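Report on the structure
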Amino acid sequence: MKILVCVKQVPNTNEVKINPKTGTLIRDGVESILNPDDDNALEAALQMKDGNTDTTVTVITMGPPQAKEVLVECMAKGADDSVLLSSRAFGGADTWATSNTIAGAIKRIADYDIIFAGRQAIDGDTAQVGPQIAEKLGIPQVTYVERIISCNGKEVTVRRQLEDGYEVIQVPMPCLLTVVKELNKPRYMSVKGIYEAYEKDITVWNENDIPVRADEIGINASPTKVFRSFTPDPKGKGIMIEGTPKEAAAKVIGELKKKHVL
Ligand SMILES: Cc1cc2nc3c(=O)[nH]c(=O)nc-3n(C[C@H](O)[C@H](O)[C@H](O)COP(=O)(O)OP(=O)(O)OC[C@H]3O[C@@H](n4cnc5c(N)ncnc54)[C@H](O)[C@@H]3O)c2cc1C
């Protein structure tokens, strides 16, 4: 089986702090990490590969040259090889242009059975790229995959997370699955894996290497543009409510009614 995993390098947003004077994000010293959901996507692929010598896992990322770091990390965990899509022409892409680029690379790879992606990236936060890639490749997709029940080489049966339960879906391959963190616990890199990762291939492609047109990629092709970005106002100070539990509950209800929450 041939498995592809789409991974994104993201700033570790848990560590982003706001400059109280200027109100802007402090980005200096914020490390870049493998997007957490993508780590689960990779783990799912590696579990399918464990013990199956005929299964290969290729990771794909679109990003600047330093995005190679996450590819090396994925290969140190056990991926066989990787593709970096890097070019100034890809820069400033919104999700439509991003998915065109990644789908273009996958069209060139051509031979695949399952594509894994994370549900969502913690920086852009749209959860659009996975489904758009599936659409552009003309293959079925299942999003929010929280369990892989079986895979017989022709179909995959998965459990898809819903707000109030789950649904079991059988999907023919090739297909694209986006995964949530409940799916598994990602493995760590091994020392042997880290050494071996540097021996593995990173293929670097630009817009001339993949079947995409100039009007499908990068900022100029993006139907959406970020018009303004700003740091949200900090939440107001909390208030302490005094009194017996009954009095306090009445005050809370009064406050919520005033704010039209209730
Ligand atoms: C309206 C809008 C305008 C934007 N404009 C700009 C801009 O001007 N400049 C700019 O730099 N960015 C811009 N972005 C951000 C850019 O579109 C996103 O970083 C990118 O498209 C991925 O979307 P996301 O982060 O929401 O990923 P999601 O859709 O949340 O990611 C889901 C999954 O898709 C896969 N994936 C996502 N991105 C990649 C990738 N690059 N490589 C491989 N796999 C990936 C991963 O598996 C990931 O878990 C914009 C976004 C929006 C919504």
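Residues numbered from 1 in each chain as written. Predicted model: local features only at pLDDT ≥ 70, side-chain atom pairs only at ≥ 80, totals over all residues. Heavy atoms only, no water.

What counts is decided by this rule: UniProt positions are given in the numbering used here, feature names are shortened, and annotations may be inferred rather than shown by experiment.
Taking an unreviewed UniProt entry as the reference, the protein is identified by name as Electron transfer flavoprotein small subunit belonging to Enterocloster bolteae 90A9. Recorded in UniProt for the protein, the comment headed Sequence similarities (unreviewed entry) runs: "Belongs to the ETF beta-subunit/FixA family." The record in UniProt for the protein states the following under Cofactor (unreviewed entry): "AMP".

**Notes on the sheet that holds strand β13 (residues 202–205)**
Heads up, the condition is: Note on pairing: DSSP must find at least two bridges between two strands before they are called paired. Secondary structure elements follow DSSP: runs of H or I of four or more residues count as helices, runs of E of two or more count as strands, with numbering from the N terminus. Only the stretch in contact is used when fitting a helix axis, every axis being a line fitted to C-alpha atoms; angles between N-to-C directions are given from 0 to 180 degrees. Contact between two residues is taken to exist if any of their heavy atoms lie within 4.5 Å; hydrogens are not considered.
Taken in spatial order, the nine strands of this open sheet run β11-β10-β9-β12-β8-β1-β6-β7-β13, and their pairing is mixed. Of all the strands in the sheet, just β11 (165–172) and β13 have a single pairing partner and so form its edges. Neighbour-to-neighbour, the strand axes of the sheet open up by a mean angle of 35 degrees, direction not taken into account. Across five bridges, the pairing between strand β9 (residues 141–151) and strand β10 (residues 155–162) is antiparallel. Bridge assignment links R147 to a residue of β10, and that residue is R159. Contacts from helix α1 (residues 36–49) reach β1 (2–6), β6 (56–62), β8 (114–118), β9, β10 and β12 (175–179) within the one sheet, and its direction differs from that of β8 by about 150 degrees.

**Thoughts on the site of the ligand**
This is how the line gets drawn: Here, proximity means that at least one heavy atom of the residue falls within 4 Å of the molecule or strand. Side-chain atoms alone can form a polar contact between residues adjacent in sequence; in general such a contact is a pair of N or O atoms within 3.5 Å, and within protein one must be able to donate a hydrogen while the other accepts it. Surface exposure here means Shrake-Rupley accessible area, sampled with a 1.4 Å probe, where a residue is shielded only by the protein chains that are shown. Classification convention: Asp, Glu, Lys, Arg as charged; Ala, Val, Leu, Ile, Met, Phe, Trp, Tyr, Cys, Pro as nonpolar; all other residues, Gly among them, as polar.
Around the ligand lies a shell of 29 residues, among which C6, K8, D38, A121 and T126 are the nearest. Residue A121 places a main-chain N or O atom 2.7 Å away from an oxygen atom belonging to the ligand. Its free accessible area being 930 Å², the ligand has 80% of it covered by the protein chains. Among the secondary structure elements, those contributing two or more residues to the shell around the ligand are β6, α3 (95–109), β8 and α4 (129–137). Of the residues contributing to the shell around the ligand, the split by class is 11 nonpolar, 12 polar and six charged.

**Here's the deal with the environment of N40**
To keep things clear, this is the line we draw: Three exposure classes are used, based on accessible area relative to the maximum for each residue type with a 1.4 Å probe and protein chains only: buried under 20%, partly exposed in between, and exposed over 50%.
For N40, the position within the fold is in helix α1. A relative accessible area of 4% places N40 in the buried class. Setting aside chain neighbours within four positions, we find N40 in contact with V179, V180, K181, L183, N184 and P186.

**Brief notes about the nonpolar core**
Going by this rule: What makes a nonpolar core is a set of buried Ala, Val, Leu, Ile, Met, Phe, Trp, Tyr and Cys residues whose side-chain atoms join them at distances within 4.5 Å.
Counting 34 residues, the largest nonpolar core has V5, F116, V156 and L177 as its most contacted members. By size, the runner-up hydrophobic cluster in this structure holds 24 residues, among which are I102, A117, L137 and I210.

**Some remarks on the packing of aromatic side chains**
Rule in force here: Aromatic rings from Phe, Tyr and Trp, with only the six-membered ring used for Trp, were paired whenever their centres fell within 6.5 Å, and each pair was classed as stacked if the ring planes differed by under 30 degrees, edge-to-face if by over 60, and tilted otherwise. In this scheme, the term charge over a ring applies when either NZ of a lysine or CZ of an arginine sits within 6 Å of the ring centre and within 35 degrees of the ring normal.
Enumeration according to the criterion identifies zero aromatic pairs in this entry. The residue whose ring lies beneath R159 is Y166, and the NZ or CZ to ring-centre distance is 3.8 Å.

**Digging into the pattern of salt bridges**
Worth spelling out the cut-off: We define a salt bridge as a contact between a side-chain nitrogen of Lys or Arg and a carboxyl oxygen of Asp or Glu at a distance within 4 Å.
Going through the model one piece at a time under the given rule, you end up with 13 salt bridges. The closest approach of N and O atoms between K192 and E196, which form a salt bridge, is 3.1 Å. In this pair, K192 and E196 both sit in helix α5 (residues 191–197), four residues apart, roughly one turn of the helix. Classification of E196 by relative accessible area gives partly exposed; the value is 34%. As a salt-bridge pair, R213 and E216 come within 3.5 Å of each other at their nearest N and O atoms. Through salt bridges that share partners, E43, D50 and R187 make up one connected network.

**Side note on a nonpolar patch on the surface**
To keep it simple, the criterion reads: Like-charged residues are merged into a patch within 9 Å and nonpolar side chains (Val, Leu, Ile, Met, Phe, Trp, Tyr) within 5 Å, provided each residue has over 30% relative accessible area and no salt bridge.
On the surface, I239, I241, V252, I253, L256, V261 and L262 cluster together into a nonpolar patch covering about 600 Å² of accessible area. The class for L256 is partly exposed, based on a relative accessible area of 30%.

**So, unusual backbone geometry**
That bond from M173 to P174 is cis: its omega, 0 degrees, falls within 30 degrees of zero. Along the chain, P174 turns up in the loop between β11 and β12. Residue A110 is not a glycine yet carries a positive backbone phi of 65 degrees. Inspection of the secondary structure puts A110 in the loop between α3 and β8. Its identity as a non-glycine residue notwithstanding, A127 has a phi of 60 degrees, on the positive side.

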